[in-house]
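Below, each chain spelled out in residue letters.
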Amino acid sequence: MSSSGWILAVCLVVLGGSGHAVRAEEGPGSERNCSAIPPYLPPTAVNTTLRLRDLRESMIPLNISAYIIPATDAHLSEYIAPRDARLAWMSGFTGSAGTAVITQNKAVLWTDSRYWIQAERQMDCNWELERDASIRSITNWLIVEIPEGDQVGFDPFLFSVDTFGVYNTNLAPAGRILKSIPDNLVDKIWTDRPPLPPDNPMRLPDSVIERTWPMKVEQIRAQMSDNPYKPTAVLLSALDETAWLFNLRGNDIPFNPFFYSYTLLSMDQIWQVLLLFVHIERISEELKVYLNASCYVAYCVQLLEYSSVRTYLRNYLQGPNTRVWVGTEYTNQALYELITPEDKLLTSTYSPVLTTKAVKDATEQRILKEAHVRDAVAVMQLLLWLEKKVPEGTETELTAAQFVDQCRSKQKNSRGPSFETISASGPNAALAHYSDGTTDITRTVHWGTPSDFQKEAYTRVLMGNIEISRNIFPAGTRGVNMEMLGRRALWEVGLNYGHGTGHGVGNYFGVHEWPVGFQSNNIPFQEGMFTSIEPGYYKENDFGIRIEDIAVTVPATIKHSSNYLTFETVSLVPYDRKLINTSLLSPEQLHWLNSYYETIRSVVGPELEKQGLKEEYDWMIKHTAPFLTAGASAVISSVTLLVTVLASVLLHNLL
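Residues numbered from 1 in each chain as written. Predicted model: local features only at pLDDT ≥ 70, side-chain atom pairs only at ≥ 80, totals over all residues. Heavy atoms only, no water.

Chemist: Would you explain the overall build of the protein chain in this entry?
Modeler: Tallying secondary structure elements over the protein chain gives 19 helices and 29 strands in all. For the protein chain, the residues scored as buried account for 54% of the 655 residues in total. Of all intrachain contacts in the protein chain linking residues separated by at least 6 positions in sequence, the fraction that spans at least 24 positions is 71%. Of the accessible surface of the protein chain, which amounts to about 27900 Å², a share of 54% is contributed by carbon and sulfur atoms. (Helix = DSSP H or I, 4+ residues; strand = E, 2+ residues; numbered from the N terminus. Buried < 20%, exposed > 50% of the residue type's maximum accessible area, 1.4 Å probe, protein only. Contact = heavy atoms within 4.5 Å. Areas by Shrake-Rupley, 256 points an atom, 1.4 Å probe, with all protein chains shown as cover.)

Chemist: Explain the sheet that holds strand β4 (residues 99–103) to me, please; I cannot follow it from the model alone.
Modeler: One key point about sheets: their strands pair by backbone hydrogen bonds, in either a parallel or an antiparallel sense. Strand order in the open sheet made by the six strands is β6-β5-β4-β3-β7-β8, with mixed pairing throughout. Each end of this open sheet is capped by a strand with a single partner; those strands are β6 (128–130) and β8 (177–180). Taken pair by pair, the neighbouring strands of this sheet meet at an average axis angle of 25 degrees, ignoring direction. Strand direction decides the pairing type here: strand β7 (residues 151–154) and β8, joined by four bridges, are parallel. Note that in β8 the partner of Gly-153 across the bridge is Lys-179. Set on the sheet, helix α4 (residues 135–145) makes contact with β3 (66–70), β4, β5 (107–110), β6 and β7; between it and β4 the angle comes to about 5 degrees. (Pairing = 2+ DSSP bridges. Axes fitted to C-alpha atoms, helices over the stretch in contact; angles between N-to-C directions.)

Chemist: Can you walk me through the nonpolar core in this structure?
Modeler: Soluble globular proteins: nonpolar side chains tend toward being buried together. Core analysis: the biggest nonpolar cluster contains 54 residues, and Phe-246 and Val-324 have the highest contact counts within it. Broken down by element, the residue count for this core peaks at five residues, all from strand β13 (residues 272–278). The two domains that each donate at least three residues to this core are domain 1 (48–189) and domain 2 (203–358). Contact partners of Phe-246, with chain neighbours within four places excluded, come to Trp-213, Thr-263, Leu-274, Leu-276, Tyr-290, Leu-291 and Val-301. Listed in part, the 51 residues of the second largest apolar core include Ala-378, Ala-400, Phe-403 and Leu-490. (Core = buried A, V, L, I, M, F, W, Y, C linked by side-chain atoms within 4.5 Å. Domains from an automatic or database assignment.)

Chemist: Looking at this structure, how should I read the layout of surface pockets?
Modeler: Where empty space is left becomes clear once a probe the size of a water molecule has been rolled over the atoms. Quantified by volume, the second largest pocket comes out at close to 500 Å³. Surrounding the second largest pocket, 23 residues form its lining, Ala-74, Arg-86, Phe-157, Tyr-306 and Ser-307 being those nearest its centre. Among the elements that make up the lining of the second largest pocket, the one with the highest residue count is helix α10 (residues 309–317) (three residues). Here the lining of the second largest pocket is composed, by residue class, of nine nonpolar, four polar and ten charged. Residues lining the lining of the second largest pocket come from more than one domain, with at least three contributed by each of domain 1 (48–189) and domain 2 (203–358). (1 Å grid on protein atoms, 1.4 Å probe; cavity = no way out; pocket = protein on both sides within 12 Å on 5 of 7 lines; lining within 4 Å. Points joined across faces, edges and corners; volume = space filled by probe spheres on them. Nonpolar A, V, L, I, M, F, W, Y, C, P; charged D, E, K, R; others polar.)

Chemist: I'm lost on the confidence of the model for the protein chain in this one. Help?
Modeler: The predicted structure's coordinates, where accompanied by low pLDDT, should not be read in detail. Overall, the prediction assigns the protein chain a mean pLDDT of 87, with 87% of residues at 70 or greater. Below a pLDDT of 50 lies the segment residues 1–10, which in the model reaches 61 contacts outside its immediate sequence neighbourhood of four places, other chains included. Across residues 421–435 the pLDDT falls below 50, and counting only partners more than four positions away or on other chains, this stretch makes 81 contacts in the model. (pLDDT = per-residue confidence, 0-100.)

Chemist: Is there a simple way to explain the pairing of strand β25 (residues 530–533) in this structure?
Modeler: On a regular strand, one side chain projects to one face of the sheet and the next to the other, so that they alternate. Both faces of β25 are covered, namely the face carrying Phe-530 and Ser-532 and the face carrying Thr-531 and Ile-533. As paired strands, β25 and strand β28 (residues 549–555) are joined by four bridges and run antiparallel to one another. What sits directly across from Ser-532, in β28, is Ile-550.

Chemist: Is there a simple way to explain helix α17 (residues 587–610) in this structure?
Modeler: An α-helix turns once per 3.6 residues; consequently, residues spaced three or four apart project the same way. Across its 24 residues, α17 extends 35 Å between first and last C-alpha, which sits within 8% of the 34 Å expected from 1.5 Å per residue. Along α17, the largest kink reaches about 35 degrees and is centred on Val-604; proline Pro-606 follows within four residues of it. Of the positions making up α17, those classed as buried are Gln-589, Leu-590, Trp-592, Leu-593, Asn-594, Tyr-596, Tyr-597, Ile-600, Val-604, Gly-605, Glu-607 and Leu-608. Buried residues belonging to α17 abut α13 (362–389), β21 (443–446), α15 (452–469), β28, β29 (564–569) and α18 (614–623). (Expected span 1.5 Å × (residues − 1). Bend = angle between axes of the 7 residues up to and from the residue.)

Chemist: Teacher, can you tell me more about the environment of Tyr-260 here?
Modeler: By the secondary structure assignment, Tyr-260 is in the loop between β11 (248–249) and β12 (262–267). Owing to a relative accessible area of 4%, Tyr-260 belongs among the buried residues under this scheme. When near neighbours in sequence (up to four residues on either side) are disregarded, Tyr-260 contacts His-75, Ala-81, Arg-83, Asp-84, Leu-196, Leu-239, Asp-252, Ile-253, Phe-277, Val-278, His-279 and Tyr-306. For Tyr-260, the side chain forms a polar contact with the side chain of Asp-84, separated by 2.6 Å. (Polar contact = N/O pair within 3.5 Å; in protein donor to acceptor, adjacent residues only side chain to side chain.)

Chemist: Teacher, can you tell me more about the state of the cysteines here?
Modeler: Linking two cysteines covalently via their sulfur atoms produces the bond known as a disulfide. Taken as a whole, this structure holds one disulfide when the rule is applied. Each sulfur of the disulfide joining Cys-34 and Cys-125 lies 2.0 Å from the other. Disulfide Cys-34 to Cys-125: torsion about the S-S bond roughly -95 degrees, handedness left-handed. Here the residue Cys-34 occupies a position in the loop between β2 (12–15) and α1 (49–59), and Cys-125 occupies one in the loop between α3 (116–122) and β6, the gap between them amounting to 91 residues. (Disulfide = S-S within 2.5 Å.)

Chemist: Explanation requested: the pattern of salt bridges in the structure shown.
Modeler: This model, assessed by the stated rule, comprises 32 salt bridges. As a salt-bridge pair, Arg-310 and Glu-337 come within 3.2 Å of each other at their nearest N and O atoms. On the criterion of sequence distance, the pair formed by Arg-310 in helix α10 and Glu-337 in the loop between α11 (333–336) and β16 (345–348) is long-range, its members being 27 residues apart. Given a relative accessible area of 28%, Glu-337 falls into the partly exposed group. A salt bridge links Arg-470 to Glu-467; the nearest nitrogen and oxygen atoms lie 3.3 Å apart. Residue Glu-467 is classed as buried on the basis of its relative accessible area of 13%. (Salt bridge = Lys/Arg side-chain N within 4 Å of Asp/Glu carboxyl O.)

Chemist: I keep staring at unusual backbone geometry and nothing clicks. Help me out?
Modeler: Trans peptide bonds make up the majority, and among non-glycine residues the majority have a negative phi. Cis rather than trans, the peptide bond between Ile-37 and Pro-38 has omega equal to -5 degrees. Tracing the chain through its elements places Pro-38 in the loop between β2 and α1. Here the bond from Thr-340 into Pro-341 is cis, since omega is -5 degrees, no more than 30 degrees from zero. Mapped onto the elements of the fold, Pro-341 is located in the loop between α11 and β16. Even without being glycine, Asn-247 reaches a positive phi, approximately 55 degrees. Mapped onto the secondary structure, Asn-247 falls in the loop between α8 (239–245) and β11. Here Asn-247 falls in the buried class, since its relative accessible area comes to 3%. Even without being glycine, Asn-321 reaches a positive phi, approximately 60 degrees. Residue placement: Asn-321 occurs in the loop between α10 and β15 (324–327).

Chemist: What am I meant to see in the packing of α4 against helix α5 (residues 161–171) here?
Modeler: Geometrically, a packed helix pair is captured by the angle between its two axes and the distance between the axes. Packing of α4 against α5 brings their axes to within 10 Å, and their N-to-C directions diverge by 40 degrees. With respect to each other, α4 and α5 are oriented oblique. When the axes of α4 and α5 are compared, the crossing they make is right-handed. Facing Ile-135, Arg-136, Ile-138, Thr-139, Leu-142 and Ile-143 of α4, the residues of α5 in contact are Thr-163, Val-166, Tyr-167, Asn-170 and Leu-171. Residues belonging to the contact of α4 with α5 are distributed by class as follows: seven nonpolar, three polar and one charged. (Parallel < 35°, antiparallel > 145°, perpendicular 65-115°, else oblique. Left-handed = near helix turned anticlockwise from the far one by under 90°.)

Chemist: Teacher, can you tell me more about the side chain of Asp-73 here?
Modeler: Within the fold, Asp-73 resides in the loop between β3 and α2 (86–91). A polar contact is formed between the side chain of Asp-73 and the backbone nitrogen of His-75, at a distance of 2.9 Å. A distance of 2.9 Å separates a polar side-chain atom of Asp-73 from the backbone nitrogen of Leu-76. Look past the residues within four positions of Asp-73 in its chain and what remains in contact with it is Tyr-79, Ile-80, Asp-84, Phe-157, Leu-158 and Ile-253.

Set out below in structure tokens:
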């Protein structure tokens, strides 16, 4: 294998070099060649001729010259269900990021550089590829392709408030008109569209709940009361908002425990009511009792059909003195456009549910930490297994991913992977979900002899991870203000990485949970927030490195103030020792690393012993041996000598 790294399972990055390597899986095939005569299409390409014909016919009576198809769902989810994969069905392209525009004579896909090769392998010659993902590129193309005064159709359920604003800002001055069409045109021609999954929503067990759903409702209503603009209702559109509020989980989105839903949580001078918009036939009698669905007072939930959300919201807004609070980041344009006039609207970037959910209570913190201990056991099983199997040269990236999935499935409360297993070059991984927590961890490993540059790059990535992890900062500090700590060691030698440094993690939720993290649009850190810390480095066509841990914000013990925080790392798997150049680490970084290894021994060690994993326990002890610090060698020698002398004395006495 070349020295290109691949990431799988636990986001396991394997650096190539001299020595043994895991075999890479073969690629999916060649790329299309539409200029050849006749055009060449690989077997992975999808024939879209009839689909495009049917869509274009449906556009004519609506008087639209173009139709936009994004790669999301009505809840603006990062991961979508197969029945929402409209872009994939229309174009054949299955990447997670992209936008299509179809006119009467052209079909074009916009996507970023991660997916250019994939698009060329999956699309037929009906499609053009624009190697750009920006809305500006799309609107510039539309301005050229369709005449002034023509209409561009779109499904408002698939546009966020902000996305619609950018499109409209670019198109309106040029005289191109956006036309909202709530009945999706792709759905009308998609005759074999996948049905709803058969699984019903389920409630979380009481053992993992500290706040009941009425307690959470009370928290949100208190924030409504305290808001100076006095909203009478909060509209919840993101799937994790409703799931969190009611302590429910589902199985509608692969690898994410959500179910299709909206919630209108209202409070005004006359009455209080909770409206849950779901597919009612999927709500069991047990859940109806749990939700108090048969009454009409403050803590009762009225169940309404999922598809009626626009109708009910419109009717609600016709009432006197109503004002609806929405978080614009996850509210779709289909609902937002109904909230008129302006005095009936209150906006914030995130809803009060998302910001409240970001701070984990004591029970959530405990069970998330416990999930990471069990996950550490599975990851250590994988690393030990690889140490044995890699020299044989029989294992592939896929078999390694399958092995760790099996290990994780045997752990208590495992509910399956939280990200599709992808064995390929680049930052893709299969992470683990547990019914009481979600885990996310990346380790980079090397079999053979790493180059000096690989060791330096790895060590500098590790230094960035440590610097953020050991940072002490005032409560309320934004992640973006400390993000550079993850890059500083790389910047010092002219290296960098092109992805974010961290994201929030849910409590048996999505593996990427907003609004926590280190980006400019993330909220300030408070005690009890969980985030990933994941600097990296990628040398194009050579190798990649990422070190990712999950950490929770905890009070820092310092001399002069009590309102400061630091991070406690809850991912508990050692780093690859052969890749660490300790001469680059400061004494403080070495101290942090040794303390972290002591924690792994004291926390994961007992779990390994409890599960009877003697070989894995020995592996853990070996790989968490303390690193020597300046002046420590004499102490170690003395201890070794003392042990030797004691052993001799004992032997003499026995004789």
